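# Structural overview
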Amino acid sequence: MRKKIAAGNWKMNKTFEEGQILLSEVVNMVKDEVTNPNVQVIVCVPAPYLSSFGKMIDTPKVALGAQNCYPKASGAYTGEVSVPMLKSVGVSYIIIGHSERRQYFNESDAFLAEKVDAILAEGLTPIFCCGETLEQRNEGIHFDFVCGQITNSLFHLSAEDLKKTVIAYEPIWAIGTGVTASNDQAQEMHKVLRDHLASKYGQEVADEISILYGGSVNGANAQELFACPDVDGGLVGGASLKSREFTNIAKSF
């Protein structure tokens, strides 16, 4: 059975003290209220907080995630953070390829393939983001474009390593806009992506991979989105900054 995942991406938000309060609330609510044993909650917090916040998490229901990494294990890369560093402070999941990283920091598919390899080499789980712009969707090239991102960054992996990854489909036109893909649009793309994985690795492998939806997920729309057969959870932005709403999303499976 594929794991159901509610991953919160805090992005560049919350001071240390504000983050402590938010994380404490989330951990306590999840411990008390999320009863489905197949649900994994992940909190991806700003890098300076990882070490301290990891010590605040006292339940396997909540895992610590990072928002980025650098593919080299060590070296003269001022300002960057390596996967071994993240692992050493308790990180289990790492978001890579978010559209904001692709857009603002010019991260290529090839560079993300290096990150995937670095994360898997340390036994951690990459959350690989993919998605199209509104222009690409309107041009009718959205399926080919997003499948191309998967091919370029993940299809060099063995089947065993691919099964250790999580994919997050995030239509760029829905991130932070308040606009959410319809349930049919989300299911359609998730099915296309799972079929694309199956074309390379077989249906059995494809059926083991959790594919998340991201893009204005909130407490009001999560249950219907997560009911789609190929949607295995959400990568949640703004709503993850509100403990009650984020917990409600985690309870929506």
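Check the entry above for the structure.
Report on the accompanying structure.

Criteria and cut-off values
- The numbering scheme is per chain: residues are counted from 1 as the chain's sequence reads.
- Selection of residues for local features in this predicted model requires a pLDDT of at least 70, selection of side-chain atom pairs for listing and counting requires 80 or more, and totals for whole chains, interfaces and linings are taken over all residues.
- No hydrogens and no water enter the side-chain calculation; it runs on all heavy atoms of the structure.
- Lining residues are defined by having an atom within 4 Å of a point belonging to a cavity or pocket. Those points lie on a 1 Å grid over the protein atoms alone, cavities being sets where a 1.4 Å probe fits but cannot get out and pockets being open sets with protein on both sides within 12 Å along at least five of seven lines.
- Grid points are joined across faces, edges and corners, and a volume is the space filled by probe spheres set on the points.
- Going along the chain from the N terminus, every DSSP run of H or I of four or more residues is numbered as a helix, and every run of E of two or more is numbered as a strand.
- In this classification, the charged set is Asp, Glu, Lys and Arg, the nonpolar set is Ala, Val, Leu, Ile, Met, Phe, Trp, Tyr, Cys and Pro, and all remaining amino acids, among them Gly, are polar.
- Polar contact is the term for a pair of N or O atoms within 3.5 Å; when the atoms are in protein, one must be able to donate a hydrogen and the other to accept it, and sequence-neighboring residues count only if both atoms are side-chain atoms.
- For every residue, the accessible area (1.4 Å probe, protein chains only) is compared with the maximum for its type, and the residue is labelled buried under 20%, exposed over 50%, or partly exposed between those bounds.
- Crossover handedness is defined here as right-handed if the route from the first strand over the helix to the second strand goes clockwise, with the strands pointing away from the viewer.
- Should DSSP find at least two bridges between two strands, the strands are regarded as paired.
- The span you would expect from a helix comes to 1.5 Å times its residue count less one.
- Throughout, a contact is declared for two residues whenever any of their heavy atoms are within 4.5 Å.
- Between N-to-C directions, angles span 0 to 180 degrees; the directions come from axes that are lines fitted to C-alpha atoms, helices contributing only their stretch in contact.

Any empty space left between the atoms is revealed when a probe the size of a water molecule rolls over them. For the structure shown, the criterion picks out one cavity of 30 Å³ or more. Looking at the largest cavity, its volume works out to about 40 Å³. Along its surface, the largest cavity is lined by Gly97, His98, Ser99, Arg102, Cys129, Cys130, Gly131, Gln149, Glu170 and Ile172. Only α4 (99-105) and β5 (125-130) provide two or more residues apiece to the lining of the largest cavity. Among the residues forming the lining of the largest cavity, the class breakdown is three nonpolar, five polar and two charged.

What follows deals with the side chain of serine 216. Residue position: serine 216 is located in the loop between β7 (211-214) and α11 (222-226). In terms of polar contacts, serine 216 uses its side chain to reach the backbone amide nitrogen of glycine 178, at 3.0 Å.

Within the secondary structure layout, serine 51 lies in helix α2 (residues 50-54). Look at serine 51 and you get partly exposed, because its relative accessible area is 33%.

Going residue by residue along strand β4 (residues 93-96), you find Tyr93 and Ile95 tucked away on one face and Ile94 and Ile96 tucked away on the opposite face as well. Crossover connection from strand β3 (residues 62-66) via helix α3 (residues 83-88) to parallel β4: handedness right-handed. Sheet topology places β4 next to β5; four bridges connect them, and they run parallel. Its bridge partner being in β5, isoleucine 95 is matched across the sheet by isoleucine 127.

End to end, helix α5 (residues 109-121) covers 18 Å across 13 residues, agreeing with the expected 18 Å (1.5 Å per residue, within 8%). Where α5 is concerned, the buried positions are Asp109, Leu112, Ala113, Lys115, Val116, Ala118, Ile119 and Leu120. Buried-residue contacts for α5 involve α3, β4, α4, β5, α7 (142-154) and α8 (159-162). Note on α5: the residue one or two positions beyond its end, glycine 123, has a positive phi of about 75 degrees.

The next subject is the environment of lysine 163. One can find lysine 163 in the loop between α8 and β6 (166-169). Taking C-alpha positions, lysine 163 is 24 Å from histidine 142, a pair spaced 21 residues apart along the chain. Not counting residues within four places of it along the chain, the set of residues in contact with lysine 163 comprises Val205, Glu208 and Ile209.

As a further point, take the layout of surface pockets. Within this model, the largest pocket holds a volume of roughly 620 Å³. For the largest pocket, the lining is made up of 22 residues, of which Met12, Gln67, Asn68, Arg101 and Phe105 are closest to its centre. When residues of the lining of the largest pocket are assigned to their parent elements, the largest contribution, four residues, is made by α4. Considered class by class, the residues forming the lining of the largest pocket number 13 nonpolar, five polar and four charged. Computed from the structure, the second largest pocket encloses a volume of approximately 250 Å³. Looking at the lining of the second largest pocket, its residues break down into seven nonpolar, ten polar and two charged.

Strand order around the closed barrel formed by eight strands is β1-β2-β3-β4-β5-β6-β7-β8, with parallel pairing between neighbours. When strand polarity is set aside, the average angle formed by the axes of neighbouring strands in this sheet is 25 degrees. Bridge count between β6 and β7: three bridges; the pairing is parallel. Its bridge partner lying in β7, isoleucine 167 is registered against isoleucine 211. Seen against the sheet, α7 touches β5 and β6 and runs at an angle of roughly 145 degrees to β5.

Treat this as a map of the structure, not an account of what it does.
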